[in-house]
Amino acid sequence: MEQEGELKTALKERKVQFEMFFTLPDFSDISLRDYQETMQRPFFSLSKRRRVKPIEYISPDKSVTVHVSANPTYGMATIWDADIMIYLASHLNELRERGQNELSPVIRIQPGDLLKRICWGTSGRAYERLVSALDRLQATTIKTNIRASAKSRETTFSWIDSYTHLVDERTQRSLGMEITLSKWFFDGVMDKRNILSISPLYFEITSGLGKWLYRASRKHAGGNGAEGFTIGFETLHQKSGSESSYPVFKRKLLELAKGNDLPDISLEVIDGESARPKMKMVMRRHLAEQSGRKRKAPASAASAKDDMVDAGLALGLISRVSEGMRVADRPARVSTSTGGARPPSPARSSSASKMLDPDIYAAIRADFPGWDYDELMRRFDAFLGENPAELPRNYSKRFYGFVKEHHRRNKYRL
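Here the residue index of a chain counts from 1 through its sequence in written order. Side-chain atom pairs in this predicted model are given and counted only at pLDDT of 80 or more, local residue features only at pLDDT of at least 70, and totals for whole chains, interfaces and linings cover all residues. Heavy atoms throughout the structure, all of them, feed into the side-chain values; hydrogens and water do not.

### Here we look at the sheet that holds strand β8 (residues 174-181)
Selection rule: Following DSSP output, two strands are said to pair if at least two bridges run between them. Numbering of helices and strands runs from the N terminus, with a helix taken as a DSSP run of H or I at least four residues long and a strand as a DSSP run of E at least two residues long. In this analysis, axes come from line fits to C-alpha atoms, helices being fitted only over the stretch in contact, and the angle between any two N-to-C directions falls in the range 0 to 180 degrees. Residue contacts are counted whenever heavy atoms from the two residues lie within 4.5 Å of one another.
If you trace the 3 strands from one edge of the open sheet to the other, you get β4-β8-β7, paired in antiparallel fashion. Both outer strands of the open sheet, β4 (106-109) and β7 (160-167), are each paired with one neighbouring strand and no more. With strand direction ignored, the average angle separating the axes of adjacent strands in the sheet is 15 degrees. With 7 bridges connecting them, β7 and β8 associate as antiparallel partners. Its bridge partner being in β8, S162 is matched across the sheet by T180. The strands touched by helix α2 (residues 82-97) within the sheet are β4, β7 and β8, with β4 carrying the most contacts at an inclination of about 100 degrees.

If you want it as structure tokens, here you go:
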């Protein structure tokens, strides 16, 4: 009888666990939000190598201090681990937007939703990476006077207080995670004035410095219009907390500015040859708006700029030309003997094969097989035509990202 009672209790607890996590609403496609106070200062290691050296930051006016110390066993939380904090901030914001009033620092999530949204994949290795990241987030200690009640006081915390991963013992299937956020982070995110929207493409930035620079640029340049925000390389080096020497850091910044492929952000080096170069950061949408205003200027005032190409007009031309190329190929797809049946799939992607970089086209076919690439390209062109600010510097690479996102959302329909 005693064993039977214990079995019933275990089954009841297991049922509660299943109900707790499998009844969670879908959060796989939430809008992304980042916590402003963590975006422009050195809260994370920018290297994937284990860092134990503390970060010590004091702002130039000595009004802000940040001290980050690492656990010798786990190392310091990295900028990639911050992907998880962005997801958790977004999760809280989504709950608030859906009208949930009693929000708590304790968040229950499905690990698969988190991993998909931050583009880590859902393999066994990805789950191991998630657990290691949570260990670092829990073990890293931060001491700062940001949001303290007085400048002379400091708050000490870890990013998360604890986490629990429930696994079904019989099937080894994940039942979900329960993560408890630090009060400092939770209270900050609960103030809507403290969060900013970020691009989903942020998670595709591969370099640690690139991820930090995107967040800093989004914070600094987001509200400054077409004028953007200009800041010295040396100041960026100090604010990043990078372990790289200044010459190495400067070289990496120059490479990022030369590539200029961060989502949403346009980078420009000012006085690059001088001893104290600066970085100008502007949101791309503001550049597009500025271009539109110039186009509407009187002819007498714009005579010196008649040769400038407007992004919106260029996109329209690109869309019409590419559409024309696809129309030219379509008759070959229709069989007169079968009443309009489509031929084998290789002929359907002939336009894509002509327009895209051959290596990228081959990668798309290998990574995301089974789709009508011409149809996806038509949708992509339509999106660009409606969003001049999204004019890509590299059409093929941007189309690869478009197909990747389409495949992620719809692969189960193939």
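What follows picks up the thread again.
### A look at the nonpolar core
For the record, the criterion: Buried residues of nine kinds, namely Ala, Val, Leu, Ile, Met, Phe, Trp, Tyr and Cys, make up a nonpolar core once their side-chain atoms join them within 4.5 Å. For each residue, the accessible area found with a 1.4 Å probe, counting protein chains only, is set against the maximum for its type, and the residue is called buried under 20%, exposed over 50%, and partly exposed in between.
One finds I84 and W159 to be the most contacted residues of the largest nonpolar core, which totals 75 residues. Judged by nonpolar contacts, the second largest core, of 15 residues, contains A352, Y361, Y373 and L376.

### Points about the confidence of the model for the protein chain
Applied cut-off: The predictor's confidence in any single residue is recorded as pLDDT, a number from 0 to 100.
Within the protein chain, residue pLDDT values average 80, and 75% of them lie at 70 or more. Here residues 299-309 scores under 50 on pLDDT; set against residues more than four positions off or in separate chains, the count is 3 contacts.

### Considering the packing of helix α6 (residues 208-221) against helix α8 (residues 246-259)
To be explicit about the condition: Any angle between 65 and 115 degrees counts as roughly perpendicular, while under 35 counts as roughly parallel, over 145 as roughly antiparallel, and the rest as oblique. Left-handed describes a crossing whose near helix is turned anticlockwise from the far helix through less than a right angle; right-handed describes the clockwise counterpart. Here the term charged refers only to Asp, Glu, Lys and Arg, the term nonpolar to Ala, Val, Leu, Ile, Met, Phe, Trp, Tyr, Cys and Pro, and the term polar to all other amino acids, Gly among them.
Across the interface, α6 lies against α8 with an axial gap of 11 Å and an inter-helix angle of 70 degrees. It follows from the interaxial angle that α6 and α8 lie roughly perpendicular. Remark: the crossing between α6 and α8 carries right-handed chirality. The segment α6 lies against α8, with L209, G210 and L213 engaging F249, K252, L253 and L256. Each residue belonging to the contact of α6 with α8 can be placed in one class, and the counts come to 5 nonpolar, 1 polar and 1 charged.

### Points about the pattern of salt bridges
Here is the rule: Each salt bridge in this description consists of a side-chain nitrogen of Lys or Arg and a carboxyl oxygen of Asp or Glu lying within 4 Å of one another.
Inspection of every chain in the model, using the stated rule, returns 14 salt bridges. A salt bridge links R215 to D34; the nearest nitrogen and oxygen atoms lie 2.7 Å apart. Of this pair, R215 sits in helix α6 while D34 is found in strand β1 (residues 33-35), placing the two residues 181 residues apart along the sequence. Judged on exposure class, the residue R215 and its partner D34 are both buried. Among the ionic pairs, E37 bridges to R41, the shortest N-O distance being 3.5 Å. Of the two residues, E37 and R41, both sit in the buried class.

### Some words on empty space enclosed by the protein
Convention followed: Here the term cavity refers to a set of points on a 1 Å grid, laid over the protein atoms alone, in which a 1.4 Å probe fits but cannot get out; the term pocket refers to an open set having protein on both sides within 12 Å along at least five of seven lines, with lining residues being those that place an atom within 4 Å of a point. Grid points are joined across faces, edges and corners, and a volume is the space filled by probe spheres set on the points.
Here the structure, examined in full by the defined rule, presents 1 cavity of 30 Å³ or more. In this structure, the largest cavity spans a volume of roughly 50 Å³. In this structure, the largest cavity is lined by D34, Y35, T38, F44, A82, M85, I86, W159, F185 and R215. Residue assignment for the lining of the largest cavity shows that the elements contributing at least two residues are β1 and α2. The dominant element in the lining of the largest cavity, judged by the number of residues it contributes, is α2, at 3 residues.

### With respect to helix α7 (residues 233-240)
Every buried residue of α7 is accounted for by F233, L236, H237, K239 and S240. Buried residues belonging to α7 abut β2 (55-58), α6, β10 (229-232), α8, β11 (265-270) and β12 (278-283). Downstream of α7 by one or two residues, G241 has phi in the positive range, about 70 degrees.

### Description of the sheet that holds β11
Each strand in a sheet pairs with its neighbour through backbone hydrogen bonds, running either in the same direction (parallel) or in the opposite one (antiparallel). Taken together, the 3 strands give an open sheet; going across it, the order is β10-β12-β11, and neighbouring strands pair in antiparallel fashion. Two strands bound the open sheet, and with one partner strand each, they are β10 and β11. Direction aside, neighbouring strands of the sheet carry axes that sit 25 degrees apart on average. Bridging between β11 and β12 involves 6 bridges; their strand directions are antiparallel. When the bridges of β12 are listed, I270 appears paired with K278.

### Brief notes about the pairing of β8
Here β8 lies mainly inside the structure; 7 of its 8 residues are buried. Where β4 and β8 come together, 4 bridges link them in antiparallel fashion. Paired with V106 across the bridge in β8 is T180. In this structure, the hairpin formed by β7 and β8 is closed by a connection of 6 residues, where Q172 is found at a positive phi of approximately 65 degrees.

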